[in-house]
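Breakdown of the fold
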Amino acid sequence: MSETIISIQDLSKSFGDHEVLRKIDIDVHVGEIICIVGSSGSGKSTLLRCINKLERQTSGKIMFYGKEIRDAQKEINEYRSKVGMVFQSFNLFNNMTVLENCMLCTRKVLHLPKAEAFDRAITHLKAVGMAPFINAKPAQLSGGQKQRVAIARSLCMNPEVLLFDEPTSALDPEMVGEVLNVMKQLATTGLTMVIVTHEMAFARDVSTRTIFMDRGYVAEDAPPSELFSNPKNPRTREFLSRYLAG
Amino acid sequence: MLNLFSIENPEKSWEWMIFLAKKYSDMFWEGTKLTLFIAILGTLLGFVLGYVVGIIQDAKINQGDNIIKKLFVRLLKIIASIYVEIFRDTPMIVQAMIIYFGIRMQAHIDITPVSAGILVTVLNTGAYMAETVRGGIGSIDLGQREGAWAMGMSPMKTMLYIVLPQAFKNIIPEMANTFLTNLKMTSVLNVIAVQELFMAAKTVGGNYYKYFESYLVIAVIYFVLCFAFNKVFIYIEKKMQGKNDYALAVEYMDNQ
Ligand SMILES: Nc1ncnc2c1ncn2[C@@H]1O[C@H](COP(=O)(O)OP(=O)(O)OP(=O)(O)O)[C@@H](O)[C@H]1O
Ligand SMILES: [Mg+2]
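Residues numbered from 1 in each chain as written. Chains lettered and ligands numbered in written order. Predicted model: local features only at pLDDT ≥ 70, side-chain atom pairs only at ≥ 80, totals over all residues. Heavy atoms only, no water.

**Considerations on the overall build of chain A**
Scanning chain A from N- to C-terminus turns up nine helices and ten strands. Over its C-alpha atoms, taken along the principal directions, chain A stretches across nearly 55 × 40 × 35 Å. Buried residues in chain A amount to 59% of all 246 residues. Summarising the internal contacts of chain A: among those between residues at least 6 apart in sequence, 65% fall at separations of at least 24. Summed over its atoms, the accessible surface of chain A is roughly 10100 Å², and 49% of this surface lies on carbon and sulfur atoms. (Helix = DSSP H or I, 4+ residues; strand = E, 2+ residues; numbered from the N terminus. Buried < 20%, exposed > 50% of the residue type's maximum accessible area, 1.4 Å probe, protein only. Contact = heavy atoms within 4.5 Å. Areas by Shrake-Rupley, 256 points an atom, 1.4 Å probe, with all protein chains shown as cover.)

As structure tokens, this is what we get:
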């Protein structure tokens, strides 16, 4: 097994007395494509937000290359610059053009020279087919275009891992394909990805490992070939049958 | 033919207005300039203060930071809310008196009425702007910030590059409003002997015992100023709405 990038250890999270994550243990290795599936409210988004420190865990820890990430702001910023996140609602900066969106953090966080930041932006925008739109504002783009820009923007940071929280759930059906294609393309580059998704076919075909979450627990964690064709946990079976039937 | 500007023996009110406006044109002009000066400088500095205080009030205390930083942020937030409450809950005319006489009599600093007037305007504007800024920040979707945080941008930089530019656009109308209010509110500064427009009218009116006419003169001046500024602000707002199209970067088209 290749090197561990992120190690989630005994992670729990409660909102008030509502336990949303319970004792999660997951190791993310270099090059893995992990898809996380599960029914609504099972804690998938919260887990991803904890990994990126947008949410503070109640207990347990997150290790990055063997080093615990503590809650000091500086440490968090440094860590986040290496762990990208793509949101369901895109979260492109509305006051900036596509190009500015892709250059802001490489300039202000990584302090790259302008020319280099520009080159990176163009390279990644080309890869997602959005380079012609560098002068557009987010409000002028379709959902699928916005999400492709958001992916390019994250890639500009050269992250060690890229987290996706239901990147296609806010899209009109005809735009889901263009975003999934970009992600399939990314999967072939060796980038490590953790993807929360309701696209079961995508999880089955693209992931190297699928995690089924249920009521805050990791109920099953297996290669997709096993999880989809021969689920061990009855709850996984129930979920999949509901999903594949509906 | 009647020449409006050579009335020597005014009888009707409007004749008095013209007579006074002409005879004391220097005084009214000086008063107008001072009113504008205090309103513009006071408002601009007040905006800066308002932004700083609004940002402090919006700041979250990060539980993971060290104790000194946490205490410092908490202290700043307490000071900010006390300041905002005091200045929003007392009349500006009373603030003017207390600040002017407080500085002169208690602190023994020889502050001029104009400086005190600007200070009062700044502090008053800052308190109101702080609330406006906080509201403006709050109206920006949290996702905008999370997008930046998730790439390692610090909360301060996120505020500066993402949130404030968007909030600023939303609160321009409120900022214009504040300026117009200040333009009129400078009139209360006559109580600390600032020679602005109101003071000019008071002095002029006293000379002939023609208060009604004298105040009518400055009413016209205030009206014209506010009316003109209002039109300018509306124009600027329209301009700021920006264009709705963009040029495709054709040099990258072939890569589709
Ligand atoms: N900020 C919050 N405050 C309180 N409760 C929250 C908060 N965020 C999430 N929750 C609760 O935590 C539970 C898990 O939410 P989460 O968004 O992680 O689920 P999910 O698996 O991503 O669901 P979905 O598939 O609908 O996106 C839900 O019951 C939700 O109501
Ligand atoms: Mg979710």
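**Here's the deal with the overall build of chain B**
When its secondary structure is counted, chain B shows nine helices and zero strands. Reading the helices (α) and strands (β) of chain B from amino to carboxyl end gives α-α-α-α-α-α-α-α-α. Taking 2.2 N^0.38 as the reference for a compact globule, 256 residues should give roughly 18 Å; the C-alpha atoms of chain B span a radius of gyration of 24 Å, well beyond that estimate. Seen along its three principal axes, the alpha-carbon backbone of chain B occupies a region of about 80 × 60 × 25 Å. Out of the 256 residues belonging to chain B, those deemed buried represent 42%. Sequence-distant contacts, at least 24 apart, represent 72% of the contacts inside chain B between residues at least 6 apart. Charge separation in chain B, taken as the distance between the mean sites of 22 positive and 20 negative side-chain charges, equals 3 Å. (Rg over C-alpha atoms; globule rule 2.2 N^0.38 Å. Lys, Arg positive; Asp, Glu negative; His and termini not counted. Charge placed at Lys NZ, Arg CZ, Asp CG, Glu CD.)

**Details of the site of ligand 1**
Residues and elements named next belong to chain A. Looking at ligand 1, there are 13 residues lining it, with Ser40, Gly41, Lys44, Ser45 and Thr46 nearest. In this structure, an oxygen atom belonging to ligand 1 sits 3.0 Å away from a main-chain N or O atom of glycine 43. At 2.8 Å from an oxygen atom of ligand 1 is found a side-chain nitrogen or oxygen belonging to lysine 44. Elements represented by at least two residues in the shell around ligand 1 include exactly β2 (18-29) and α1 (44-51). (Near = heavy atom within 4 Å. Polar contact = N/O pair within 3.5 Å; in protein donor to acceptor, adjacent residues only side chain to side chain.)

**Observations concerning the nonpolar core**
Within soluble globular proteins, side chains that are nonpolar generally end up buried alongside one another. Residues and elements named next belong to chain A. In this structure, Leu125, Ile151 and Phe164 are the most contacted members of the largest nonpolar core, which totals 54 residues. When residues in this core are grouped by element, the largest group, eight residues, is from helix α6 (residues 173-187). In this structure, phenylalanine 164 is in contact with Leu48, Val86, Ile151, Met183, Leu186, Met193, Val194, Ile195 and Val196, ignoring residues within four places of it in sequence. Counting 30 residues, the second largest nonpolar core, distinct from the first, contains Ile8, Leu11, Ile69 and Val83. (Core = buried A, V, L, I, M, F, W, Y, C linked by side-chain atoms within 4.5 Å.)

**Notes on the interface of chain A and chain B**
Facing 39 residues of chain A, the contacting portion of chain B comprises 33 residues. Taken together, both faces of the contact between chain A and chain B bury some 3000 Å²; the carbon and sulfur share is 58%. At the junction of chain A and chain B, the tally comes to one salt bridge. Between chain A and chain B we count eleven residue pairs in polar contact (both at pLDDT 80 or more) in total. Secondary-structure elements contributing two or more residues to the side of chain A that touches chain B are α2 (73-80), β6 (83-86), α3 (98-108), α4 (114-127) and α5 (143-155) of chain A. Tallied by class, the residues present in the side of chain A that touches chain B amount to 20 nonpolar, twelve polar and seven charged. (Buried area = accessible area lost by both parts, 1.4 Å probe. Salt bridge = Lys/Arg side-chain N within 4 Å of Asp/Glu carboxyl O. Nonpolar A, V, L, I, M, F, W, Y, C, P; charged D, E, K, R; others polar.)

**Examining unusual backbone geometry**
Residues and elements named next belong to chain A. The backbone of lysine 53 shows a phi angle near 70°, a positive value even though the residue is not glycine. Relative to the elements of secondary structure, lysine 53 occurs in the loop between α1 and β4 (59-64). Of the residues examined, lysine 53 reaches a relative accessible area of 7% and is grouped as buried. Unusually for a residue other than glycine, asparagine 158 sits at a positive phi of about 50°. Counting through the fold element by element, asparagine 158 comes out in the loop between α5 and β7 (161-165).

**As for the sheet that holds β6(A)**
All names here are of chain A. Spatially, six strands are ordered β6-β7-β8-β3-β9-β10 in an open sheet, and the strand pairing comes out mixed. Here the strands that pair on one side only, and so sit at the sheet edges, are β6 and β10 (217-222). Between one strand axis and the next, the sheet turns through 20° on average, direction left out of account. Pairing between strand β9 (residues 209-214) and β10: five bridges, direction antiparallel. Bridge pairing in β10 places aspartate 214 opposite tyrosine 217. Helix-sheet contacts for α6 involve β3 (33-38), β7 and β8 (192-196), and the interaxial angle to β8 is about 150°. (Pairing = 2+ DSSP bridges. Axes fitted to C-alpha atoms, helices over the stretch in contact; angles between N-to-C directions.)

**As for the packing of helix α3 (residues 67-88) of chain B against helix α5 (residues 113-138) of chain B**
All names here are of chain B. At their nearest, the axes of α3 and α5 sit 9 Å apart, and the two run at 110° to each other. As summarised for this structure, α3 and α5 are arranged roughly perpendicular, according to the angle between their axes. Every pair of crossing elements has a handedness; the one defined by α3 and α5 is left-handed. Between α3 and α5, the contacting residues are Tyr83, Val84, Phe87 and Arg88 on the first element and Val122, Leu123, Asn124, Gly126, Ala127, Tyr128, Ala130 and Glu131 on the second. (Parallel < 35°, antiparallel > 145°, perpendicular 65-115°, else oblique. Left-handed = near helix turned anticlockwise from the far one by under 90°.)

**Observations concerning the packing of aromatic side chains**
One pass over the full model with this rule turns up 18 aromatic pairs over all chains. Within the aromatic cluster, the residues linked to one another by ring pairs are Trp16(B), Phe19(B), Tyr24(B) and Tyr208(B). When the ring centre of Phe93(A) is taken as origin, the NZ or CZ atom of Arg153(A), which lies over that ring, is 4.3 Å away. (Phe/Tyr/Trp six-rings, centres within 6.5 Å; stacked < 30°, edge-to-face > 60°. Lys NZ or Arg CZ within 6 Å of the ring centre and 35° of its normal.)

**A short note on the packing of helix α6 (residues 142-149) of chain B against helix α7 (residues 155-185) of chain B**
All names here are of chain B. The N-to-C vectors of α6 and α7 enclose an angle of 140°; their axes lie 10 Å apart at closest approach. The chirality of how α6 crosses α7 is right-handed. When α6 is examined against α7, the residues Gln144, Arg145, Ala148 and Trp149 are found in contact with a partner set consisting of Pro155, Thr158, Met159, Ile162, Val163 and Gln166. Grouping the constituent residues of the contact of α6 with α7 by class yields six nonpolar, three polar and one charged.

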